[in-house]
Structures are given as C-alpha cells and as structure tokens.
Amino acid sequence: HTSPPRKMRQHLSGASISCHQTPDVLPIQSWLLRCWNELEAQGCELPLLLNAHQSRLIWESIISGASDGLLQTGAAVKLAMDGWGVLKNRNTSIDELNYFATEDTKQFIAWAREFEKICGENKWIDVASIVPFIEKAFLDGRLEKPANIVLFGFIELPPVFDNIVGKVPVGAEH
C-alpha cells in the first residue's frame, strides 16, 4: 500500500512541471525608483535623490523668498511642483516656456531656474528629473530593459518615456 505523499511523488516524478515568472505590477513612478535604486546599488555616480518632502521644502524656500506676501505660498508651491512635473514629463525645457510668457509663466520660469540651480549646486535631483539618467543607463547597458511592458491607465504615454519603452514590446490597456 502506497502512502498519499509517495503517490504524489511518483506522479510528479514523471510529470513535466512548468512555472511562470510573476510579472511586476508597479506604478510607473515605482518602477523608475527601482531603476534608480539599481543604479545606486551598482555604484553609479548619481545626484542625491530628493524625496517629495525635500523637494517641497526647496520649492517653498524659493517661492516664499520671491513672494511679496500676497501669494498663498502653499498653493503656489503645489502649482509650481505640478508644473515642474508636467514640464519634465513633456520633455520640455524651461526656455521653451518663453514662447508663452505671461506674467505667471515668467514667475514660474524664475522659480524653476532657481530650483535647477539649487539642485545642481548641491548635486541633488528630484523624482521628476530622473528619467534622462535612467534612459542613459538603458542605452549604456547598465540597466536591462524588461522583455515586455504593459501599460495601464494611459491615454497617451508622456513623451519623456518614449526612449525608455520605445524599443520594448509594449501593450497598452486603457
């Protein structure tokens, strides 16, 4: 008489077993941060990555220093950070904004230049600005592109990601 575990072993010993790698399911920001962390682990020389709170403190310092007291600093900081994110996602330089130079845009340009200056002088970088480093790492072979990427929730992929995912089979789910 054969015990159940022995029967299972006998059955499995002749069976072909296959397994599949579990896919990574990540928000795009998390995937970018994982790529950044991988570069850091490789010992790549990178700027110090600021977290959202540190970035906000820099923006607050810039905006409160440039404000005449009539501006609601908190709201202006949120708008500036959102604008900075859009600028980076659209792969647009600050100089290109001069074509739309309203007074508000001119103020944002001044703040953004100051933010870049402070980050550059201190060798800091914010999350919105890391994509070019990651893109270069893929091109240099320091990061291995995934075999396949499936994107969910995008009506249109922000242009800054074109070079990263452009050479990888991409499935888009809306």
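Everything here concerns the structure above.
Okay, so let's go over this structure. (Residues numbered from 1 in each chain as written. Predicted model: local features only at pLDDT ≥ 70, side-chain atom pairs only at ≥ 80, totals over all residues. Heavy atoms only, no water.)

1. Focus: the overall build of the protein
A tally of helices and strands in the protein yields seven helices and four strands. Going through the 174 residues of the protein one by one, you find that 28% of them count as buried. Put simply, 56% of the contacts in the protein that link residues at least 6 apart link residues at least 24 apart. Surface exposure of the protein reaches about 11900 Å², of which carbon and sulfur atoms provide 55%. (Helix = DSSP H or I, 4+ residues; strand = E, 2+ residues; numbered from the N terminus. Buried < 20%, exposed > 50% of the residue type's maximum accessible area, 1.4 Å probe, protein only. Contact = heavy atoms within 4.5 Å. Areas by Shrake-Rupley, 256 points an atom, 1.4 Å probe, with all protein chains shown as cover.)

2. Quick look at the packing of helix 3 (residues 52-66) against helix 4 (residues 73-89)
With their axes 9 Å apart at the nearest point, helix 3 and helix 4 run at an angle of 120° to one another. Relative to helix 4, helix 3 is oriented so that their crossing is right-handed. Between helix 3 and helix 4, the residues in contact are Ala-52, Ser-55, Arg-56, Trp-59, Glu-60, Ile-63 and Ser-64 and Thr-73, Gly-74, Ala-76, Val-77, Lys-78, Ala-80, Met-81 and Trp-84, respectively. In terms of residue class, the contact of helix 3 with helix 4 is made up of eight nonpolar, four polar and three charged. (Axes fitted to C-alpha atoms, helices over the stretch in contact; angles between N-to-C directions. Left-handed = near helix turned anticlockwise from the far one by under 90°. Nonpolar A, V, L, I, M, F, W, Y, C, P; charged D, E, K, R; others polar.)

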